[in-house]
Amino acid sequence: MKIGIIGTGSIGSLLAKKLSKAGHQVKVTNTRAMPELEKMATSLGANAATIHEVVNDVDAIIFSMPFNAYRDLPKDLLKEVPQDVVVMDTSNYYPFRDGKLPELEQISESEYISEILNRPLIKVFNNMLEGTLKYKGKAAGAQDRVAISIAGDNDKHKKVVAALVDLTGFDTVDAGSLAESWRQQPGTPAYCTEINEVELKQALADAEKGKAPAVRDFIMDNLMKLDSWPSYEEILAGNRLYEMGRRK
Ligand SMILES: NC(=O)c1ccc[n+]([C@@H]2O[C@H](COP(=O)([O-])OP(=O)(O)OC[C@H]3O[C@@H](n4cnc5c(N)ncnc54)[C@H](OP(=O)(O)O)[C@@H]3O)[C@@H](O)[C@H]2O)c1
């Protein structure tokens, strides 16, 4: 497949590396000048592209940018992109980082991004930590393979996404529509707790919409009390500790 990735940070770069290694033709973009982007793209096994090139002549597009950066994208970026191109969003919203957005009390985070991009989306790769993506991938069928969830309104596109996730080393669970994707947002049991398929199905079912923002902020407040920026292990432990307490 031809895949365009917008964002070469922690998640976008790992996805570019894994998907190009798996044989896909990947191009990437970010905000850097072309010479720097080219160096980075080469190190990921990808090609460098401008923001308009990265969405042109591809089968799938992955947006992996800070939540508050989507509004900076060119207007109508996806206008000419055919509807059969699968568009994915990995983003998460944290008010301390992205500013307060009262709209998110009414709609899910990826519905909000979908409105900005004026395009249906598949929400995926948001509920796994960088460390999970980097270190925990396993071959299909391996015992206790970590699972992540996929939300969206197009079943055909979800199948394509599930196959890509499999290549990165993880199982998938269908989390329903984009409107239901709040079940995998920060502060829910399904968010970055590194669980398997059976556990993830239960976690999605257990999610409580009204509680998620407070849980998200509680976990972040605790992590911020650490002396330095929390490590992958500390974030995972923070998410799991809260969940274990909740399930008692
Ligand atoms: N880190 C995690 O563990 C994790 C896990 C799951 C999901 N997420 C979510 O996934 C998204 C990406 O996370 P991340 O940690 O990979 O972020 P990150 O490391 O901060 O990287 C963000 C990338 O987006 C690029 N970018 C920003 N504005 C852009 C624009 N207008 N046009 C093109 N590229 C732009 C940045 O470009 P430059 O490199 O030029 O600055 C950078 O490459 C976030 O919404 C995050 O919440 C993160």
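Our subject is the structure that appears above.
Figured I'd write up the structure that's included with this text. (Residues numbered from 1 in each chain as written. Predicted model: local features only at pLDDT ≥ 70, side-chain atom pairs only at ≥ 80, totals over all residues. Heavy atoms only, no water.)

### Considerations on the pairing of strand β2 (residues 25-29)
Then step 1. In terms of burial, β2 is largely enclosed, as four of its five residues are buried.
Then step 2. For the crossover from strand β1 (residues 2-6) across helix α1 (residues 10-21) to β2, the handedness is right-handed.
Then step 3. The pairing of β2 with strand β3 (residues 47-48) spans two bridges and is parallel. The residue of β3 that forms the bridge with V28 is A48.
Then step 4. Since β2 and β3 lie parallel, the crossover through helix α2 (residues 34-43) that links them has a hand, and here it is right-handed. (Buried < 20%, exposed > 50% of the residue type's maximum accessible area, 1.4 Å probe, protein only. Helix = DSSP H or I, 4+ residues; strand = E, 2+ residues; numbered from the N terminus. Right-handed = clockwise from strand over helix to strand, strands pointing away. Pairing = 2+ DSSP bridges.)

### Quick notes on the packing of aromatic side chains
Then step 1. Evaluation of the coordinates by the stated rule reveals five aromatic pairs.
Then step 2. Between the aromatic rings of F63 and Y70, the centroid separation amounts to 6.0 Å while the plane-to-plane angle is 40°, which identifies the pairing as tilted. Residue F63 shares its accessibility class with Y70, and that shared class is buried.
Then step 3. Ring centres 6.0 Å apart and planes at 65° place the aromatic pair Y94 and F96 in the edge-to-face group.
Then step 4. Note on Y94: relative accessible area 12%, which makes it buried.
Then step 5. An aromatic cluster is present here, built from F67, Y93 and Y112 joined pairwise through their rings. (Phe/Tyr/Trp six-rings, centres within 6.5 Å; stacked < 30°, edge-to-face > 60°.)

### Overview of the layout of surface pockets
Then step 1. Roughly 1200 Å³ of volume is contained in the largest pocket.
Then step 2. Around the largest pocket, the lining comprises 49 residues; the ones closest to its centre are S10, I11, M65, P66 and R97.
Then step 3. Of all the secondary-structure elements, those providing two or more residues to the lining of the largest pocket are α1, α4 (95-98), α6 (130-135), α9 (212-224) and α10 (232-247).
Then step 4. For the second largest pocket, the calculated volume is near 410 Å³.
Then step 5. Y93, L104, E105, P213 and R216 are, among the 19 residues lining the second largest pocket, the residues nearest its centre.
Then step 6. With four residues, α9 is the largest single contributor of residues to the lining of the second largest pocket.
Then step 7. Looking at the lining of the second largest pocket residue by residue, the class counts come to 10 nonpolar, three polar and six charged. (1 Å grid on protein atoms, 1.4 Å probe; cavity = no way out; pocket = protein on both sides within 12 Å on 5 of 7 lines; lining within 4 Å. Points joined across faces, edges and corners; volume = space filled by probe spheres on them. Nonpolar A, V, L, I, M, F, W, Y, C, P; charged D, E, K, R; others polar.)

### Details of the site of the ligand
Then step 1. Surrounding the ligand, one finds 24 residues, the nearest of these being T8, I11, T31, R32 and M65.
Then step 2. A distance of 2.8 Å separates an oxygen atom of the ligand from a polar atom in the backbone of M65.
Then step 3. Contact with the protein chains hides 79% of the accessible area of the ligand, taken as 900 Å² for the molecule alone.
Then step 4. Of all the cavities here, the one that holds the ligand is the largest pocket.
Then step 5. Residues of the shell around the ligand, tallied by class, amount to 10 nonpolar, 11 polar and three charged. (Near = heavy atom within 4 Å. Polar contact = N/O pair within 3.5 Å; in protein donor to acceptor, adjacent residues only side chain to side chain. Areas by Shrake-Rupley, 256 points an atom, 1.4 Å probe, with all protein chains shown as cover. Sits in = over half its atoms within 2 Å of the grid points.)

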